Amino acid sequence: MTLYRATFMHTPESPFTAPDALQVQEDGGLLVEDGRILASGPYAEVRANSPRAEVVDLRGGVLLPGFIDTHVHYPQVRVLGGLGMQLLEWLDKNTLPEEARLSDPTYARAVAREFLSALASNGTTTALVFGSHYASAMEVFFEEATRTGLRVVAGQVVSDRLLRPELHTTPERAYTEGKALIERWHGVGRALYAVTPRFALSASEALLDACGALMREFPDVRFTSHINENPREVQTVLELFPGARDYLDPYEQAGLVTHRSVLAHNVHPTDRELGVMAAHRCSAAHCPCSNSALGSGLFPLRRHLQAGVHVALGTDVGGGTGFSMLKEGLQAYFMQQLLGTAGVPLGPAHLLYLSTRAGAQALDLGDLTGDFGVGKAFDAVCLRPPEGTTLDTVLNHADSPERMLADLFTLGTQQDVAQVWVGGDPVYRRVPAGQEVGV
Ligand code: GUN
Ligand code: ZN
């Protein structure tokens, strides 16, 4: 048994509906056995009830539930930084050429390692990962993910038109390769499978039906895709599906809109689409850095909440600007501010909820992770800024836990991530100052 001693904060309930959702324990204790939280409370109390537990002293840092990134592309680590384009040009010029390089499993393995190590070192413990078009690159990805111990929900990306020929599959191949990957990896270690057509623009009706067949055959796999990201993209989809009522309709007709479905972006939804998503308990992954970088637009969070659509956060690397869920939370806050009266005023508790518990719920993993409730897995990130940094200074002057949390989202970066655990297993530890290679 291990007893983690720290100031910890979490949001077991949604601050969008519960007024005091942020729970804070200053000098708290989390007792962990076999990767699960057995008890939590003031350190002195938990200690008194478990005098023999080994104590890990994290005082001086802040312990948060591990971040949950609900939209991030594994093949796109190396395309980060390609600024100056909107979605369709960015895909053609910047991204799809790189995705084609993952046909080489050696190349794919190197990218998978970079990707997974970036997740862990940014404090992300669970991610819904948009995969590669190549089944071989997915084998490599699941192997590497299993080695790291991170929780990944991932799937082969499928498309059968309008990308580039080497990235295209057929409905039959999408079904057989998808089935083989599900049978090999879904539920193995901490991996789960997500059926992943790239977007309706690059998927025929027959391909979406093949995805639907997989979802029916394996009802507990997850589903993810893109929706309503960019006005030109939306227009093209409506032209490609002339009978469709809107962008969601082709997904809906194929049986892909479920409570285990996560649709990324949804910047330009209709009221009908929001109503259907809510009725099926399908989630939206809001990716504010990507929406800013690709000029996609301002996410209508208020309309999602009013319609009852569940929303979580994603980095959308490499359309986004990096792996930090702290930065993603801050950008979500900025964009709601920019919307003025049409925006939702977000506080630090909302940002924490969106980047942790909301993600767990979107992935139907709410009973396992996302907060520090008793019975949950110990998935955690310890944030502790290096001495003398601006964040360190500001935290030392914070007059409340809420203000500390706001400081972390405003100023926190990868350099402030000190340690990360998944299911009680350490998956990342910052190299102590002075011990870096070359010092
Ligand atoms: N729509 C289809 N593919 C992509 C992608 O790779 N990134 C983003 N942001 N949108 C997409
Ligand atoms: Zn994306």
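All of these numbers come straight from a predicted model, not from anything done at the bench.

Attention shifts here to helix α5 (residues 171-185). With 15 residues, α5 extends 21 Å between its outermost C-alpha atoms, agreeing within 8% with the 21 Å of an ideal straight helix rising 1.5 Å per residue. Buried within α5 we find A174, G178, L181, I182 and W185. Taken around the axis of α5, the buried residues stretch over an arc of 100°, which confines them to a single face. Counted as exposed and oriented over 90 degrees from the buried face of α5: E172 and E183. Once α5 ends, the next one or two residues include G187, with phi positive near 85°.

In this model, helix α12 (residues 325-338) (14 residues) spans 20 Å end to end at C-alpha, consistent with the 20 Å of a helix rising 1.5 Å per residue. The set of residues buried in α12 consists of M325, L326, K327, E328, G329, L330, Q331, A332, Y333, M335 and Q336.

Segmentation of the protein into domains returns domain 1 (2-66 + 371-429) and domain 2 (67-362). The gap between the C-alpha centroids of domain 1 and domain 2 is 28 Å. Domain 1 puts 29 residues into the contact, and the matching count from domain 2 is 26 residues. Those elements that provide at least two residues to the side of domain 1 that touches domain 2 are β4 (54-65), α16 (401-411), β15 (417-422) and β16 (425-429). Counting residues per element, the side of domain 1 that touches domain 2 draws most heavily on α16, at six residues.

What surrounds ligand 1 is the set H73, L87, L91, T95, R198, F199, H226, E229, S290, D316 and G319. Ranked by the residues each element gives to the shell around ligand 1, the list is headed by helix α2 (residues 87-100), at three residues. When grouped by side-chain class, the residues that make up the shell around ligand 1 number three nonpolar, five polar and three charged.

Turning to the UniProt feature "domain: Amidohydrolase-related" (unreviewed entry) in the protein, a few remarks are in order. Residues annotated in UniProt with the feature "domain: Amidohydrolase-related" (unreviewed entry) correspond here to residues 62-427. With 43% helix and 17% strand, residues 62-427 has its two end C-alpha atoms placed 17 Å apart.

What counts as what
- Think of each chain on its own: its residues are numbered from 1, step by step along the sequence as written.
- Naming scheme: in the order in which they are written, chains are lettered from A and ligands are numbered from 1.
- The model is predicted, so local features are restricted to residues of pLDDT at least 70 and side-chain atom pairs to those at 80 or more, both for listing and for counting; the totals for chains, interfaces and linings are taken over all residues.
- Runs of H or I in DSSP of at least four residues are treated as helices and runs of E of at least two as strands, each being numbered from the N terminus.
- An expected span of 1.5 Å times one less than the residue number is assigned to each helix.
- Burial is judged by counting the other C-beta atoms within 10 Å of a residue's own C-beta: 20 or more makes it buried, 12 or fewer makes it exposed, and any count in between marks it as partly exposed, with every C-beta position built from the backbone.
- For this quantity, the arc is that covered by the directions from the helix axis to the C-beta atoms.
- Throughout the structure description, domain borders are defined by an automatic or database domain assignment.
- Contact between two residues is assigned when their C-beta atoms, built from the backbone, lie within 7 Å.
- Note on definitions: a residue is near a molecule or strand provided its C-beta atom, placed from the backbone, lies within 6 Å of it.
- As a working rule, the residues Ala, Val, Leu, Ile, Met, Phe, Trp, Tyr, Cys and Pro are called nonpolar, Asp, Glu, Lys and Arg charged, and the rest polar, with Gly in that last group.
- UniProt positions are given in the numbering used here, feature names are shortened, and annotations may be inferred rather than shown by experiment.

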